[in-house]
2 protein chains.
Amino acid sequence: MREPVRRAAEACPVEVAIAVVGGSWKMTVVKHLLGGPLRFNALNRAVGPVTPRVLTRQLRDLEADGVVHREVYPEVPPRVEYSLTPLGESLAGLVESLNTWGEAYADRLAAASSS
Amino acid sequence: MREPVRRAAEACPVEVAIAVVGGSWKMTVVKHLLGGPLRFNALNRAVGPVTPRVLTRQLRDLEADGVVHREVYPEVPPRVEYSLTPLGESLAGLVESLNTWGEAYADRLAAASSS
DNA sequence: CAGAATCCAACGTGATACTG
DNA sequence: CAGTATCACGTTGGATTCTG
């Protein structure tokens, strides 16, 4: 388990959740993995303008927190597939909520800037 | 509107939501304000081990993002009340989801460390 | 293909002390 | 009471280049 998560546990359940899913791209990664396993580069392209370096870090965090599973196939060329663990799948509702709220917020932004 | 939020809007609605609520203590602040307005020190005590310096920053962010309203009463001693805007109240469901998921996760942690 | 290595700038977070 | 000022520091996110 990662340290930030453990520290958050001292304070509030809400902080625990934020510690796990609060990093940038993390929930977007989960969102795209809800459709099924993806390989590293496919995920990279799906998530958005994220560099491999950063994506790797986030994936390692998610793996350490038990949200994501990393499966390495010893082939040439190398293949690595990322998928959600059951715990990761339990985030589906949260992703949906974030997506909906984020959309509404973006609409509000657009409306504000056009006025 | 804050820059991080605007940048997130280019990528994914999920990132927008995370940009607004992803900071530490932010959602915990919202959680406690759901019960009604609170003064600065009351909020400080309710949220947890957060320094005034940090809490102030988070509150300013939330204010800039339209989630929180800051009302200053020109009295002596000074009184400042923080409350949720309608947009802030629309986060109620999200807070609930985070709280529930965080609790379940904390339980999982406890179970893992006792085994 | 899936990253690792290296480097860096910017932030986020925090402790401590002070003030209108 | 509700902050602000100052300082410090670790982490994050990112660009770039390289490799088994």
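Basis of the calculations
Residues numbered from 1 in each chain as written. Chains lettered and ligands numbered in written order. Predicted model: local features only at pLDDT ≥ 70, side-chain atom pairs only at ≥ 80, totals over all residues. Heavy atoms only, no water. Pairing = 2+ DSSP bridges. Helix = DSSP H or I, 4+ residues; strand = E, 2+ residues; numbered from the N terminus. Contact = heavy atoms within 4.5 Å. Axes fitted to C-alpha atoms, helices over the stretch in contact; angles between N-to-C directions. Near = heavy atom within 4 Å. Polar contact = N/O pair within 3.5 Å; in protein donor to acceptor, adjacent residues only side chain to side chain. Nonpolar A, V, L, I, M, F, W, Y, C, P; charged D, E, K, R; others polar. Parallel < 35°, antiparallel > 145°, perpendicular 65-115°, else oblique. Left-handed = near helix turned anticlockwise from the far one by under 90°. Buried area = accessible area lost by both parts, 1.4 Å probe. Salt bridge = Lys/Arg side-chain N within 4 Å of Asp/Glu carboxyl O.

Under an unreviewed UniProt entry, chain A has the name Helix-turn-helix transcriptional regulator and belongs to Myceligenerans pegani.

S.K.: Quick question: what am I supposed to make of the sheet that holds strand β3 (residues 79–84) of chain A here?
M.R.: Sheet strands pair by backbone hydrogen bonding; their relative direction is either parallel or antiparallel. Residues and elements named next belong to chain A. Spatially, the three strands line up as an open sheet ordered β1-β3-β2, and their pairing is antiparallel. Where the open sheet ends on each side, the last strands, each with one partner, are β1 (38–39) and β2 (68–73). In the sheet, β1 pairs with β3 via two bridges, with the strands oriented antiparallel. Along β3, the bridge assignment pairs R39 with E81. Where helix α3 (residues 26–33) meets the sheet, it contacts β1, β2 and β3, and its direction lies at approximately 95° from that of β3.

S.K.: I'm lost on the protein's contact with DNA strand D in this one. Help?
M.R.: Taken together, 21 residues form the shell around DNA strand D, and within it S24 and T51 of chain A together with R39, R70 and Y82 of chain B come nearest. The sugar-phosphate share of atoms of DNA strand D within 4 Å of the protein amounts to 78%. Between R57 of chain A and DNA strand D, the recorded distance is 3.3 Å, taken from a side-chain N or O atom to a phosphate oxygen. One of the side-chain nitrogen or oxygen atoms of Y82 of chain B is found 2.7 Å away from a phosphate oxygen of DNA strand D. Taken together, the elements giving at least two residues each to the surface near DNA strand D come down to α5 (52–64) of chain A together with α4 (40–47), α5 (52–64) and β3 (79–84) of chain B. Top contributing element to the surface near DNA strand D by residue count: α5 of chain A, with four residues. Of the residues assigned to the surface near DNA strand D, the class counts are eight nonpolar, six polar and seven charged.

S.K.: Explain the protein's contact with DNA strand C to me, please; I cannot follow it from the model alone.
M.R.: Around DNA strand C sit 20 residues, and of these R39, R70 and Y82 of chain A together with S24 and T51 of chain B come closest. Near the protein, meaning within 4 Å, the atoms of DNA strand C are sugar or phosphate in a fraction of 77%, with bases accounting for the rest. N41 of chain A is positioned with one of its backbone polar atoms (N or O) 3.1 Å from a phosphate oxygen of DNA strand C. V80 of chain A places a polar main-chain atom, nitrogen or oxygen, 3.4 Å from a phosphate oxygen of DNA strand C.

S.K.: Just checking my understanding: could you explain the packing of helix α3 (residues 26–33) of chain B against α4 of chain B for this structure?
M.R.: Residues and elements named next belong to chain B. At a minimum axis distance of 10 Å, the contact between α3 and α4 shows a crossing angle of 115°. Judged by the inter-axis angle, α3 sits roughly perpendicular to α4. Handedness of the α3/α4 crossing: right-handed. Here T28, V29, H32 and L33 of α3 lie close against α4, whose contacting residues are L43, A46 and V47.

S.K.: Could you clarify how one ought to interpret the interface of chain A and chain B in this entry?
M.R.: It is common to report an interface's size as the accessible area lost on association of the parts. Opposite the 37 residues of chain A that make contact, chain B presents 37 residues. Roughly 3,200 Å² of surface becomes buried between chain A and chain B when both sides are summed, with 75% attributable to carbon and sulfur atoms. At the surface where chain A touches chain B, the tally comes to zero salt bridges. At the level of secondary structure, the elements contributing two or more residues to the side of chain A that touches chain B comprise α2 (13–21), α3 and α7 (92–114) of chain A. For the side of chain A that touches chain B, the leading source of residues is α7 of chain A, giving 11 residues.

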